[in-house]
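# Breakdown of the fold
If you want the building blocks of each chain, they are given just below.
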Amino acid sequence: MTAAGKHQVSRTHGRRLGRAGIRDVAAAAGVSITTVSDALNGKGRLPDATRRHVREVADRLGYRPSAAARALRTGKSGLIGLTVTTYGEEPFTFTEFAYFAEMARAASSAALARGYALVILPGSTRQSPYDVWSNVALDGTVVIDPSDRDPVVTELVRQGIPVVSDGRPCGDLPVTAWVDNDHEAAVTGLLDHLAAAGARRIGLLTGTSTDTYTRLSTKAYLRWCERAGQDPVYEAYPAHDPCAGAVAADRLLARPDRPDAVYGLFDPNGTDLLAAARRYGLRVPDDLLLVCCSESAVYAGTEPPITTLSLKPGRIGTTVVQLLIDAIEGTGGGRPVQRIMPTDLIVRTSSQRRRTRTTVSAPRSPEDRDRS
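Bear in mind that the values here come from a model prediction, so they are computed numbers and not experimental data.

Below, the discussion takes up helix 8 (residues 151-158). For helix 8, every residue scored as buried is listed here: V152, V153, E155 and L156. Down the axis of helix 8, the sector holding all buried residues measures 165°, keeping them to one side. Along helix 8, the residues that are exposed and aim more than 90 degrees away from the buried face are P151 and R158. Looking one or two residues past helix 8, G160 carries a phi angle of roughly 85°, positive in sign.

Here is the key point about a regular strand: its side chains alternate between the two faces of the sheet. Side chains A261 and Y263 of strand 8 (residues 261-264) all project onto a buried face; the interleaved residues V262 and G264 project onto the opposite face, where all are buried too. As defined by bridge partners, strand 6 (residues 202-207) adjoins strand 8 across 4 bridges and the pair is classed as parallel. Residue pairing in the sheet places L204 in a bridge with Y263 of strand 8. Across 4 bridges, strand 8 lies against strand 9 (residues 289-293) in parallel orientation.

For the rest of this paragraph, the subject is the packing of aromatic side chains. Each aromatic ring pair is characterised by the separation of its centres together with the angle its planes make. All told, the structure shown has 4 aromatic pairs when counted by the stated rule. Measuring from centroid to centroid gives 6.1 Å for Y213 and F266, while their planes differ by 70°, and the two rings are edge-to-face. In this pair, Y213 sits in helix 10 (residues 212-228) while F266 sits in the loop between strand 8 and helix 12 (269-279), placing the two residues 53 residues apart along the sequence. Both residues of the pair, Y213 and F266, count as buried. Aromatic ring contacts, followed pair by pair, group F97, Y99 and F100 into a single cluster.

This paragraph deals with the sheet that holds strand 5 (residues 177-181). Think of a sheet as strands paired side by side through backbone hydrogen bonds, with each pair either parallel or antiparallel. Overall, parallel pairing links the 6 strands, which are arranged 2-1-3-4-5-11 in an open sheet. Two strands close off the open sheet at either side, each with one partner strand: strand 2 (117-120) and strand 11 (337-341). Across the sheet, the mean angle separating the axes of adjacent strands is 20° when strand polarity is ignored. Pairing between strand 3 (residues 140-144) and strand 4 (residues 163-166): 4 bridges, direction parallel. Within strand 4, the residue paired with I144 across the bridge is D166.

So, on to unusual backbone geometry. For the peptide bond that leads from V284 to P285, omega is 10°, which places it in the cis range. Tracing the sequence through the fold places P285 in the loop between helix 12 and strand 9. Following E303, the chain continues to P304 via a peptide bond in cis, the omega torsion being 0°. As for its placement among the helices and strands, P304 is situated in the loop between strand 9 and strand 10 (307-310). Residue D145 is not a glycine yet carries a positive backbone phi of 50°.

Here T218 shows up in helix 10. Aside from chain neighbours lying at most four places away, what touches T218 is L204, T206 and L265.

The subject of this paragraph is the nonpolar core. By size, the foremost hydrophobic cluster in this structure holds 69 residues, and its most contacted members are I80, L194, Y263, V320 and V321. Setting aside its immediate chain neighbours within four residues, L194 contacts A199, I202, A261, L289, V291 and S351.

Conventions we followed
- Residues numbered from 1 in each chain as written.
- Predicted model: local features only at pLDDT ≥ 70, side-chain atom pairs only at ≥ 80, totals over all residues.
- Heavy atoms only, no water.
- Buried < 20%, exposed > 50% of the residue type's maximum accessible area, 1.4 Å probe, protein only.
- Helix = DSSP H or I, 4+ residues; strand = E, 2+ residues; numbered from the N terminus.
- Arc of directions from axis to C-beta.
- Pairing = 2+ DSSP bridges.
- Phe/Tyr/Trp six-rings, centres within 6.5 Å; stacked < 30°, edge-to-face > 60°.
- Axes fitted to C-alpha atoms, helices over the stretch in contact; angles between N-to-C directions.
- Contact = heavy atoms within 4.5 Å.
- Core = buried A, V, L, I, M, F, W, Y, C linked by side-chain atoms within 4.5 Å.

Structure representation (structure tokens):
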């Protein structure tokens, strides 16, 4: 190979290893640098086909916008927050719960895909949360399950910071957008599932907080009981306290009107109820049917495996971040956005009552009959 040939290979190899820039995308797409910028930032009046073409080329080249350059150009930090304010001043490590961990993972990936970084913010501190957050230059914040009349959300919005809620806000909480499940339909469906499996008195483990998830799920249970002609049988506890859940499960199964099926709203309720059932000598599912709301894979391997309601937090995490970034970049249309996500009931042994086996004797031969 000639020296010129080696030089050409070296240049090509260097470009392949280097990071593609906006000029490379413009050249490959056959458009101007301004068009690339507008297409990737959701600005300008470009045809949808042009935007798609530019984004496809950018993805193929592995182009990623420079955060530093964008900050200088737009005055934005490229940081978005994620927090849970449901439990106010109570200590609560939300990433220890499967729902929140999966939601945060999906949200982080969605943010990076749009050139933003996700910052996990403490929901409770000795200081006011928004005093702490003022030290971080946030372009917007996702708040998970805000409580009724949440002061943190109100203050963030007052400061001009867009807020998107994972959970339908109560009343007139001023969020830019919200994403939630149809909790009434989900609870009604799983209660019908338990009734079809033979349950006659279905109990509920619920929380004491005012967030929409707890409130709507509990309301759906009470309405179902009224329609089914069943007296409600439930215990409520502060869901941020893991020890309180085990105590509440024990109280529920110690009641004189003990249920023969239970739905637990929170992640640890499945194992709490299994342990309580064993203490009282109750067999699952023969004596007690169980369902809990959880994203944890642990419940596929318990004895017996426990039926779970999945709220699809991965989809929700992706969607809330997309809506928040649209609001930050001014491409959301200006109107409040509301999205309802599907749920999935993953049916396992704990909610399916075993049928009684009938033993059938083998037919006797004529010789056997003669000998009898």
